[in-house]
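These are the residues of each chain, in order.
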Amino acid sequence: MQMWKKVILALLGVGIVYVGVVLGFMYSGARAIPASNPDTIVILGSKVIDDPARPMPVLQERLDASILFIEGHESAKVIVSGGQGEDETVSEASVMKDYLVEHGIEASRIEIEDKSMRTDENLANSKAEFELGKTVIVTSDYHLYRALMLANRQNIDATGLPAKTQFGALVKGVPREILSITYAWLFDW
């Protein structure tokens, strides 16, 4: 029995160290600085609710973070990226576009990518549909490391604009993101 306790403690220790390493990478992404002269601003989707649909707080944080940046970079095109989940009445991208237009961004500047269901698809579909050039990715601060890693793997010239996430969303989002980063390290090549 003594041996099993040592094995369990060792595994627990390795797990704690691993989570600490992943959190360090997430923190580095949260400190990203966007390019000062982007060609494209890609805003990554997240859940929408209700009918008519509206952004959940995490998505609203991303959109709110992007508005001033978009206004300050008038020559950059804007891509909103997010498909329609089974429990959503419309695509995330359509809700995102409506939100930006309601907050003063010209509809003609906004392109929609509405087929993707995962971060790697957001980026791949946006790259396939549009000429990206120098790209700023807008997403939640805790999610930005993985988004930039996946963009790099797809040869997208990207920097990031982190959207500050409220504590309540971090409690749910960070553990999920730790698992998603692990999956991306292993399988999203």
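Below or above, wherever it landed, is the structure these notes cover. Since this is a predicted model, take the numbers as computed values, not measurements. (Residues numbered from 1 in each chain as written. Predicted model: local features only at pLDDT ≥ 70, side-chain atom pairs only at ≥ 80, totals over all residues. Heavy atoms only, no water.)

Once that is clear, we can look at the layout of surface pockets. Its boundaries defined by the atoms lining it, the largest pocket holds a volume of some 940 Å³. Along its surface, the largest pocket is lined by 33 residues, and Gly 45, Ser 46, Lys 47, Arg 62 and Arg 176 are the ones closest to its centre. Contributions of two or more residues to the lining of the largest pocket are made by helix H2 (57–72), helix H4 (119–129) and helix H6 (167–187). The greatest single-element share of the lining of the largest pocket, amounting to seven residues, is contributed by H6. Of the residues assigned to the lining of the largest pocket, the class counts are eight nonpolar, 13 polar and twelve charged. (1 Å grid on protein atoms, 1.4 Å probe; cavity = no way out; pocket = protein on both sides within 12 Å on 5 of 7 lines; lining within 4 Å. Points joined across faces, edges and corners; volume = space filled by probe spheres on them. Helix = DSSP H or I, 4+ residues; strand = E, 2+ residues; numbered from the N terminus. Nonpolar A, V, L, I, M, F, W, Y, C, P; charged D, E, K, R; others polar.)

This part covers the sheet that holds strand E1 (residues 40–44). With parallel pairing, five strands are arranged side by side in an open sheet as E5-E4-E1-E6-E7. Both edges of this open sheet fall to strand E5 (110–113) and strand E7 (158–163), since each of them pairs with a single strand only. Within the sheet, the average angular offset between the axes of one strand and its neighbour, ignoring direction, is 25 degrees. Where E1 and strand E6 (residues 135–140) come together, four bridges link them in parallel fashion. Residue pairing across strands places Thr 40 opposite Thr 135, the latter belonging to E6. Each of E1, strand E4 (77–81), E6 and E7 is contacted by H2, which is oriented at about 165 degrees to E1, the strand it contacts most. (Pairing = 2+ DSSP bridges. Axes fitted to C-alpha atoms, helices over the stretch in contact; angles between N-to-C directions. Contact = heavy atoms within 4.5 Å.)

Here the focus is the pairing of E4. In summary, the side chains of a regular strand alternate between the two faces of the sheet. Of all the five residues making up E4, four are buried; the element is thus mostly covered by neighbouring parts of the structure. Inspection of the sheet shows E1 paired to E4 by five bridges, in the parallel sense. Bridging from a neighbouring strand, Thr 40 pairs with Lys 77 of E4. Note that the unit made of E4, helix H3 (residues 92–102) and E5 has a crossover that is right-handed. (Buried < 20%, exposed > 50% of the residue type's maximum accessible area, 1.4 Å probe, protein only. Right-handed = clockwise from strand over helix to strand, strands pointing away.)

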